[in-house]
Each structure stands twice: as C-alpha cells, then as structure tokens.
Amino acid sequence: MKTKGALIWEFNKPWSIEEIEIGEPVKDEVKIQMEASGMCHSDHHLVTGDIPMAGFPVLGGHEGAGIVTEVGPGVDDIAVGDHVVLSFIPSCGACPSCQAGLRNLCDLGAGLLGGQAVSDGTHRIHASNGQPVFPMTLLGTFSPYMVVHKSSVVKIDPSIPFEVACLVGCGVTTGYGSAVKAGNIRPGDDVAVVGVGGVGMSAVQGAVNAGARHIFVIEPVEWKRDAALKFGATHAYPDTDAAFAGMAEATHGLMAKQVIVTVGELKGKDVDTYVNLTAKGGTTVVTAIGSLLDTNVTLNLAMLTLMQKNLQGTIFGGGNPHFDIPQLLSMYKAGKLNLDDMITRQYQLEQINDGYADMLEGRNIRGVIRYTDADR
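In the nomenclature of an unreviewed UniProt entry, the chain corresponds to alcohol dehydrogenase from the organism Mycolicibacterium arenosum. The UniProt entry for the chain carries this comment under Sequence similarities (unreviewed entry): "Belongs to the zinc-containing alcohol dehydrogenase family." The Cofactor (unreviewed entry) field of the UniProt record for the chain holds the comment "Zn(2+)".

As structure tokens, this is what we get:
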C-alpha cells in the first residue's frame, strides 16, 4: 500500500515527508493503522549519526500506538480491531535470551538497525523511487501505517488514549524500569536522576513509587526542574556541581544510592562525574545513549573498585515488553502513573521538524505526533 512517512536521506538533514510503499503482511506479521507516535530523542540520534542504520533512506519513529487492520498467517493472539502498542525491541519469548528472562535483549534485536523484516529477511518498505527504506528498530512509527512482526506488537486496554499509550513503547517503560528494575530502588533510598525529558521524568515517577526518600533531579532547563518537583522529585539542581553540594548536605555525605543517567546524549567524559554522585556500594544506571563510535570514557577505576560501586547499562529499563507495557498502562488508568502531563505538545506529521526543534531547545518533556484521517 502507498502512504507517507518521515524520512532522512543523509546525516544532519531535516526530516522529509514523502510517499512510501509498505508491503502487505506475510506470515507472523501484522498491519497497523497508526494513531500516535512519540518523538523520542533516540530518533534524533538517527539524524546525527550517533545511531547509524544500515543504509538510507531511514524511516524514523519507534514509539507508537494504533489499531490492527490485518493479520498474516501464524498470528493467533492478535486480531483485527485490537488496540496495540509497538515495542521498539521485539520479544519472541522463545530465544535463549528470552528464555533466560532477558526479554528486553531478545535475540531478534540483532537485526534492529539492519532494516530487513524479521519474517522473511526482505525490505518491507520502499521509497517512491523503489529504493529500500530502513525503518527505525524495524518499526517506523513516523508513518500512519505499519507492517511489523508480531513479536513487536503488544495488545492493550482499548480505553487508553493513543497519545498516552504510545509513550510506553519506549520512553516511559525505559525510564520507569531504569529506576525500579535496573536501579532496584528500595524504600528509603536516595536517588538522583540526571536529565528529565520523557525518560527521566518516568524514572522520577518510578523512584516515587518505589519509596525513595530523597529524589534529586539535575536538569539545566528551569521549567523542567519545576515540573520534576510536581512529578515527585524533592530537590532540583541546574548542574552536577550544584547537585553534588546539595546532595552531600541532604545525605550527610553519603550521596545517592542510585544515579539514573537519562540525558539526551551521553558523553564518555561525564561518566566519572555521574559515578562520583553515587554512594559507596551504589549503582550508576546508564540509560542514556552515546555515539556508537564513542569508546573513550573517563572513569577512576581505583575508586570504582575501592568504593565497590556498580556501573549498570540498561535497555528498555531491563523489562519485559509484553508484561511491563500493559502493567504501566494499568497503573496509569488507576491514577498511579501520570502520563498525561508528560505530553507537552501534539504535532501533525508535517510538523515533525518543529517538534524536534522544540525538544532540542528544551521546550518539551515529550512531543507526540497524532495522526488523523488527513494523513491517510
């Protein structure tokens, strides 16, 4: 079918809304009419080249929610009319990683940046000139339609608004899990969250629900610091220097048991600073993404050993997409998770460059693309 999507053809160029053609679903695939897509910083990493796909053009978007319109052979637990969220990591449940309980590290994820469909190894999407298109994490939610493998599709409660539901496909689940799973926050722990966009604000809420005592936020944008306090943070600082002094005073020099790093772009030179904010025996959770080409890290190895600190990387918050996505949405419905106030602005697909400009200028916690009949 012919539709449209937001493409990039080379690094550091604006998104371009163009006609694309998406193939029909084959075995184990699902066609979805997209209703909403979150605008995550990771898609901007496609533009900068920090996350290089296997080729151009790239169809962006990996946070999405919509309605199933067609299912291929072999799809038994998803039906036409179901409301679904797309998990940016497929989770098959059968591979060695899934069987070991690491469903966020499903072996199907090895092909996420390659652009070739899980089902048959072909390119499911093509540009108007016939050139293969590489969809972000095999999804491409910056289009009003999608054909995707069933392992990336999670059925949800149809009463959840699509603009809310799309956020748990990546940002909310990643941030919340970074706190409660990767960080293993316990009641009474002191926690720091560095950077409070969509992922960081979800980490703050995770720390609140886990029973943290002090929740320190480090964020250069003043209105986002104020917003973090409304989401449950207890202290907010504009930079790490101010935070170090404030945290030392509040914790009597013990610092934070968990430091959750959710900045827009991770720099290797800053890692030691984050570890210095971490208490003895504590954990620095690295959720933020740096360039795949950046291998230089500043870290005092002696202090890492002598203070018995943990440096923990995490993807998707260490969670299980097929369990955590419905669970977080049930918390939202019960009033235990504030997702409405995380949506700062909604955009049309044609406004995608405006949306990312707003993100980079610190004007959004999370922007959302909302599709209408005019997009189809």
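> What should I look at first to understand the packing of helix H1 (residues 41-48) against helix H11 (residues 352-360) in this one?
Axis separation between H1 and H11 bottoms out at 11 Å; the angle between their running directions is 105 degrees. Regarding the angle of H1 to H11, the classification is roughly perpendicular. In contact with His-41, Asp-43 and His-44 of H1, H11 contributes Tyr-356, Met-359 and Leu-360. Across the contact of H1 with H11, the residue classes break down as 3 nonpolar, 2 polar and 1 charged.

> It is not clear to me how the state of the cysteines should be interpreted in this structure. Could you clarify?
Here a disulfide denotes one covalent bond, and it connects the sulfur atoms of two cysteines. Under the defined criterion, the tally for this structure stands at 0 disulfides. For Cys-106, which is in no disulfide, the shortest distance to another cysteine sulfur is to Cys-92 and amounts to 3.6 Å. On the basis of relative accessible area, Cys-106 is assigned to the buried category, the value being 4%. Here Cys-170 is not cross-linked by a disulfide; its sulfur's nearest cysteine counterpart is in Cys-40, at 4.1 Å.

> Would you take a moment to explain the pattern of salt bridges for this structure?
Charged atoms that come close allow side chains of opposite charge to pair. Tallied over the entire structure, the rule returns 19 salt bridges. Where Glu-63 meets Arg-366, a salt bridge forms, and the shortest distance between an N and an O atom there is 2.9 Å. Here the residue Glu-63 occupies a position in strand S5 (residues 63-71), and Arg-366 occupies one in strand S18 (residues 366-370), the gap between them amounting to 303 residues. The exposure classification of Glu-63 matches that of Arg-366, with both residues buried. Among the salt bridges present, the one from Lys-333 reaches Asp-157, with a minimum N-O distance of 2.8 Å. Placement of the pair is Lys-333 in helix H10 (residues 321-333) and Asp-157 in the loop between strand S10 (153-155) and helix H3 (162-165), with a sequence separation of 176 residues.

Rules used throughout
Residues numbered from 1 in each chain as written. Predicted model: local features only at pLDDT ≥ 70, side-chain atom pairs only at ≥ 80, totals over all residues. Heavy atoms only, no water. UniProt positions renumbered as here; feature names shortened; annotations may be inferred. Axes fitted to C-alpha atoms, helices over the stretch in contact; angles between N-to-C directions. Helix = DSSP H or I, 4+ residues; strand = E, 2+ residues; numbered from the N terminus. Parallel < 35°, antiparallel > 145°, perpendicular 65-115°, else oblique. Contact = heavy atoms within 4.5 Å. Nonpolar A, V, L, I, M, F, W, Y, C, P; charged D, E, K, R; others polar. Disulfide = S-S within 2.5 Å. Buried < 20%, exposed > 50% of the residue type's maximum accessible area, 1.4 Å probe, protein only. Salt bridge = Lys/Arg side-chain N within 4 Å of Asp/Glu carboxyl O.

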